[in-house]
Amino acid sequence: MSKQNYLCVVRSSSGTCEKPSPAEMEESYAKFNAWKEKFQDRIVDLGGALESERKIVTSEGVTDGPFVEAKEIIGGYMLISAENMAEAAVIVQESPACWSSSTNVEIRKCTAP
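Model, not experiment: these values are computed from the prediction.

### Remarks on the pattern of salt bridges
Part 1 of the reasoning: Under the criterion given, the structure shown has 5 salt bridges.
Part 2 of the reasoning: Here R108 makes a salt bridge to E106, at a shortest N to O gap of 3.2 Å.
Part 3 of the reasoning: Accessibility expressed as a relative area gives 23% for E106, which makes it partly exposed.
Part 4 of the reasoning: In this structure, a network of salt bridges that share partners links the residues R11, E106 and R108.

So, in structure tokens, the structure goes:
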């Protein structure tokens, strides 16, 4: 079976969160690096955080909105490679994106055009 790519959209609850202590940050970096090393052959694009500036593009032009109202904020993305959705879910479940109860990740299979 060949591997497929899966887009992982990282969401978090709107509102503020507490800033972690230096010790908590160090622990998080260590866990992140261990996860990244474990799945290095499955991570296609580690993605990153999304900036707040955005545009809506249509056939009629580019505008500053309107944007969909949401209780969750899309904060980042990553692209992974997996044999199937179940394997993609295992990889994502161990990722830093799932370490907080205030975040969740939507996984969508990408198909070639």
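### Concerning the side chain of S95
Part 1 of the reasoning: Examined against the element boundaries, S95 turns out to sit in the loop between α2 (85-93) and β6 (103-110).
Part 2 of the reasoning: Here S95 falls in the buried class, since its relative accessible area comes to 1%.
Part 3 of the reasoning: Among the polar contacts made by the side chain of S95, one reaches the main-chain carbonyl oxygen of V92 at a distance of 2.7 Å.
Part 4 of the reasoning: The residues touching S95, leaving out its near neighbours within four places in the chain, are W35 and M78.

### Structural notes on the nonpolar core
Part 1 of the reasoning: Counting residues in each nonpolar core, the largest one holds 15 residues, and the members touching the most others are C8, M78, I80, V92, V105 and I107.
Part 2 of the reasoning: Those elements that place two or more of their residues in this core are β1 (4-13), β5 (72-82), α2 and β6.
Part 3 of the reasoning: In this view, V92 contacts C8, M78, I80, C98, V105 and I107; residues no more than four positions away in its chain are not counted.

### Comments concerning the packing of aromatic side chains
Each aromatic ring pair is specified by the distance between its two centres and by the angle formed by the two planes.
Part 1 of the reasoning: Scanning the model with the defined rule gives 2 aromatic pairs in all.
Part 2 of the reasoning: Ring plane angle 35° and centroid distance 6.2 Å describe the contact between F32 and W35, whose orientation is recorded as tilted. Residue F32 and its partner W35 are located together in helix α1 (residues 22-38), separated by 3 residues, close to a single helical turn.
Part 3 of the reasoning: The class for F32 is partly exposed, based on a relative accessible area of 21%.
Part 4 of the reasoning: Taken together, a centroid distance of 6.3 Å and an interplanar angle of 50° make the contact between W35 and F39 tilted.
Part 5 of the reasoning: Each member of the aromatic cluster is reached from another via a ring pair, and the members are F32, W35 and F39.
Part 6 of the reasoning: Sitting above the plane of the W99 ring, K31 keeps its charged end 4.6 Å from the centroid.

### What about the confidence of the model for the chain?
Part 1 of the reasoning: Here the chain averages 85 in pLDDT, while 88% of its residues score no lower than 70.
Part 2 of the reasoning: Averaged pLDDT values for the elements of the chain fall to 83 in strand β3 (residues 56-58) and rise to 94 in α2.

### Structural notes on the side chain of S81
Part 1 of the reasoning: Structurally, the position occupied by S81 is in strand β5.
Part 2 of the reasoning: The contacts of S81, once residues within four sequence positions are left out, are K3, Q4, N5, R42, V44 and I91.

Scoring rules and cut-offs
- Residues numbered from 1 in each chain as written.
- Predicted model: local features only at pLDDT ≥ 70, side-chain atom pairs only at ≥ 80, totals over all residues.
- Heavy atoms only, no water.
- Salt bridge = Lys/Arg side-chain N within 4 Å of Asp/Glu carboxyl O.
- Buried < 20%, exposed > 50% of the residue type's maximum accessible area, 1.4 Å probe, protein only.
- Helix = DSSP H or I, 4+ residues; strand = E, 2+ residues; numbered from the N terminus.
- Polar contact = N/O pair within 3.5 Å; in protein donor to acceptor, adjacent residues only side chain to side chain.
- Contact = heavy atoms within 4.5 Å.
- Core = buried A, V, L, I, M, F, W, Y, C linked by side-chain atoms within 4.5 Å.
- Phe/Tyr/Trp six-rings, centres within 6.5 Å; stacked < 30°, edge-to-face > 60°.
- Lys NZ or Arg CZ within 6 Å of the ring centre and 35° of its normal.
- pLDDT = per-residue confidence, 0-100.

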